[in-house]
Protein chains: 2
Amino acid sequence: MSDFFKMSGSDTDIVISTRVRLARNLAGIPFGNRLASEDAERLIAEASRPIVENPVFSERFTLKKYGKEPSGELRGLVEKHLVSKEFAASGLTRAALISEDGGISVMINEEDHIRLQAIGSGLCIEECLEAATSLDRVIEQGIGKELGGYAFDSRLGYLTCCPTNIGTGMRVSVMLHLPALAASGSDRLLSRIASRFGLAVRGFYGEGTAATGDIFQISNRVTLGYDESELAQRLKEAVNSLIREERARRKEEYEASPLAFEDRVHRSAAVLSSARLISTDEAMQLLSDYRTGVASGILKGDMDRINALLWAIQPASLGGNSAASRDANRAELLRREINYE
Amino acid sequence: MSDFFKMSGSDTDIVISTRVRLARNLAGIPFGNRLASEDAERLIAEASRPIVENPVFSERFTLKKYGKEPSGELRGLVEKHLVSKEFAASGLTRAALISEDGGISVMINEEDHIRLQAIGSGLCIEECLEAATSLDRVIEQGIGKELGGYAFDSRLGYLTCCPTNIGTGMRVSVMLHLPALAASGSDRLLSRIASRFGLAVRGFYGEGTAATGDIFQISNRVTLGYDESELAQRLKEAVNSLIREERARRKEEYEASPLAFEDRVHRSAAVLSSARLISTDEAMQLLSDYRTGVASGILKGDMDRINALLWAIQPASLGGNSAASRDANRAELLRREINYE
């Protein structure tokens, strides 16, 4: 679990992870709903070949094909943000290529023919963009010429199934831990910053979800009319402004009552490292406080391990037959992973 | 703090402490409201002399006189159950003789001329009765004959200020920790047992208070018509019946869900040993759970220390200028005294 994220970035007191996703389609194969079953199979073979047959990549990536049957494994991958909800729920023949460290994944036959993403811990937009575009080039160059290459329009850019992705096909998304902003009810500030920079704000579990554990995802809405690095730069500015705000609020909160602040983070660490039964929601809230304690230097702890726990405590990651047995497994995992004295 | 109680009894999983109190008055001095100021001074001198001038006792007891001014020290003694609320609140010239271990105390000029009590940890009714009556004899024999000895009527027994104490002048009171009975809302059971045995049930802080920390005091209502050992025996039967009930309910509770039971006691110990700010009410409830955990063998811990903490965390014991500073002092004390790993 410790090297869940391969790339590691900056500002880990506030930034949990950075993700860059690229959407690609092949010109010679119908898009989306019009994709026939034999096209789906062909796509999997063609898009995976450049990786599977590459001596360097083949060792680092695992290819898995999925059919109609629902799979607990897929739910786990969704919770780790390695594949999308839509990919897991789709009934189509589809496949995922996932690097051993979970840092890079390629979905074949999601909404688009190919969706590839790079994910890292902390703020590392440039690194993720570089990793994603490198792999993208490898795939593009390896796909059979008879399929006509990537669907690309000289005026619009990459063509995608949904018009909101046309252009760069890129979505950069940064996951932020904003407990002090959340505590002061600063949804307004978030939406102000989001709309100023043309960004979308979502909760931990994605679109339309609440900010469990005070975690927010911020991503670019616009994919068209700017190049990749311009879009990335704009997002980075917004993130930096949120980081400054959050740091200032945490400082204010601490200075208003150091003891109350310390009390909260110590209690959270104590409960996390001692409970025998714990729900996802409670654990997320306690992990938020614990993370704040570690970020502020009050508690000792490892950020990568805490970040990995945010995913590891989710129901599908834990397995188990019932909510009660998962609550017990979650508590056991937390006791093992969190060292609080 | 460790040897707060001198005598140590049985059934410490449920019984916190046992107390025996005797009320005595001198025949030659007016009772209660009719007591003049010079009588009060004389009483203090006469009733303390047999102890103060006794070479053995004088080393073990401290005599302190109190006047009109309110005193934080007195509030602390009330919270430790070493003097009564009435004694602390009274404006009269009065005194207390307290043994160094807190096991025996004598109030002079409380409601009655003399009230002496012996207190021990666990269930130790006979031992406390023996300690109290021994000291009682020492005082009785040492008081100047010109004061006419103890006010005693051959038909009624010892005469006291309030008719509810006439007879033996004795009140035996046992403090019980009944979390499982309290959780199952068994007030009815308590009152049934109390009325069957002619007993009174009260909360931790005395008459008319709620059962903070799941702690109940049970004591004899009747003082007349039976001798001391009969009254003590009847109380002991009631206590034993409550002990059996509480043990059965704890077992049921544990067996219904061992993990939920363990979760509760571990969380309590974790919060007690990590909080930086904690209120009296929260601490009492957590100490109740912690005590249950130690009693059941799930947690390691020292019962005498836990019992002492029930008093030590009270506001007057802690001192401090404000509720906030007391919450911090309380948390510090608990972190120091509770070793939870």
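About the thresholds
Residues numbered from 1 in each chain as written. Chains lettered and ligands numbered in written order. Predicted model: local features only at pLDDT ≥ 70, side-chain atom pairs only at ≥ 80, totals over all residues. Heavy atoms only, no water. Phe/Tyr/Trp six-rings, centres within 6.5 Å; stacked < 30°, edge-to-face > 60°. Buried < 20%, exposed > 50% of the residue type's maximum accessible area, 1.4 Å probe, protein only. Salt bridge = Lys/Arg side-chain N within 4 Å of Asp/Glu carboxyl O. Least-squares fit on C-alpha atoms with pLDDT ≥ 70 in both. Axes fitted to C-alpha atoms, helices over the stretch in contact; angles between N-to-C directions. Helix = DSSP H or I, 4+ residues; strand = E, 2+ residues; numbered from the N terminus. Left-handed = near helix turned anticlockwise from the far one by under 90°. Contact = heavy atoms within 4.5 Å. Nonpolar A, V, L, I, M, F, W, Y, C, P; charged D, E, K, R; others polar. Core = buried A, V, L, I, M, F, W, Y, C linked by side-chain atoms within 4.5 Å. Buried area = accessible area lost by both parts, 1.4 Å probe. Polar contact = N/O pair within 3.5 Å; in protein donor to acceptor, adjacent residues only side chain to side chain.

A.B. asks: Teacher, can you tell me more about the packing of aromatic side chains here?
C.D. replies: Each aromatic ring pair is summarised here by two numbers: the centre-to-centre distance and the angle between the ring planes. All names here are of chain B. Tallied over the entire structure, the rule returns ten aromatic pairs over all chains. Where Phe57 meets Phe61, the ring centres are 5.9 Å apart and the plane angle is 80°; that geometry is what we call edge-to-face. For the residue pair Phe57 and Phe61, the accessibility class agrees, reading buried in each case. Here the aromatic rings of Phe152 and Tyr158 are separated by 4.9 Å at their centres, their planes lie at 75°, and the arrangement is edge-to-face.

A.B. asks: Would you mind going over the pattern of salt bridges with me for this structure?
C.D. replies: As a working rule, side chains carrying opposite charge can pair if their charged atoms are close by. Residue and element names in this part refer to chain A. The full count for this structure, using the stated rule, is 40 salt bridges over all chains. In this structure, Glu73 and Lys64 form a salt bridge, with 2.9 Å as the shortest nitrogen-oxygen distance. The salt bridge partner of Glu111 is Arg115, with a shortest N-O separation of 3.3 Å. Note on Glu111: relative accessible area 33%, which makes it partly exposed. Taken together, the shared-partner salt bridges connect Glu110, Glu111, Asp112 and Arg115 into one network.

A.B. asks: Hey, could you run me through the relation of the copies chain B and chain A in this one?
C.D. replies: Superposition of the two copies of the chain requires a rotation about an axis and a shift along the axis. By a simple turn and slide, chain B fits onto chain A: the slide is 0.0 Å along the axis, the RMSD is 0.0 Å, and the turn is 180°. When the rotation and shift are considered jointly, the pair of chain copies conforms to a two-fold rotation axis. The C-alpha atom lying nearest the rotation axis in chain B is that of Ala270 of chain B; the distance is 2.6 Å.

A.B. asks: Looking at this model, I keep getting lost on the packing of helix α1 (residues 37-52) of chain B against helix α5 (residues 125-142) of chain B. Mind explaining?
C.D. replies: Geometrically, a packed helix pair is captured by the angle between its two axes and the distance between the axes. Residue and element names in this part refer to chain B. α5 packs onto α1 with a crossing angle of 115° between their chain directions and a minimal axis gap of 8 Å. The hand of the α1/α5 crossing is right-handed. The residues of α5 that touch α1, namely those facing Ala47, Arg49, Pro50 and Ile51, are Leu135, Val138, Ile139 and Gly142. Classifying every residue of the contact of α1 with α5 gives six nonpolar, one polar and one charged.

A.B. asks: What exactly am I supposed to notice about helix α3 (residues 72-79) of chain A here?
C.D. replies: Turn by turn, an α-helix covers 3.6 residues, leaving residues three or four places apart pointing in a common direction. All names here are of chain A. Buried within α3 are the following residues: Leu74, Gly76, Leu77, Val78 and Glu79. Those residues of α3 that are buried lie in contact with β3 (61-66), α4 (85-89), β4 (94-99), α11 (303-312) and α12 (315-318). In the segment just after α3, His81 is the residue with positive phi, at about 65°.

A.B. asks: Got a minute to help me understand the nonpolar core in this structure?
C.D. replies: In globular proteins that are soluble, nonpolar side chains generally tend to be buried together. Among the nonpolar cores identified, the biggest contains 60 residues, and Leu287, Tyr290 and Leu334 of chain A together with Leu287, Tyr290 and Leu334 of chain B are the most heavily contacted of them. Listed by contribution, the elements that provide at least two residues to this core are α9 (258-272), α10 (280-295), α11 and α13 (323-337) of chain A together with α9 (258-272), α10 (280-295), α11 (303-312) and α13 (323-337) of chain B. Among all residues touching Leu287 of chain A, those that are not within four sequence positions of it are Leu272, Ile306, Leu309, Leu310, Ile313, Leu334 and Ile338 of chain A.

A.B. asks: Explanation requested: the interface of chain B and chain A in the structure shown.
C.D. replies: Often, the extent of an interface is quoted as the loss of accessible area upon association of its parts. With 16 residues of chain B at the contact, the number on the chain A side is 16 residues. Across the chain B to chain A interface the summed buried area is about 1400 Å²; carbon plus sulfur atoms make up 61%. Ranking the residues of chain B by area buried against chain A places Arg267, Arg276 and Leu277 of chain B at the top, with a combined share of 42%. The interface formed by chain B and chain A holds two salt bridges in total. A salt bridge links Glu282 of chain A to Arg267 of chain B; the nearest nitrogen and oxygen atoms lie 2.7 Å apart. The tally of links between chain B and chain A comes to ten residue pairs in polar contact (both at pLDDT 80 or more). In terms of residue count, α9 of chain B provides more of the side of chain B that touches chain A than any other element does, eight residues in total. Class assignment for the residues of the side of chain B that touches chain A results in nine nonpolar, two polar and five charged.

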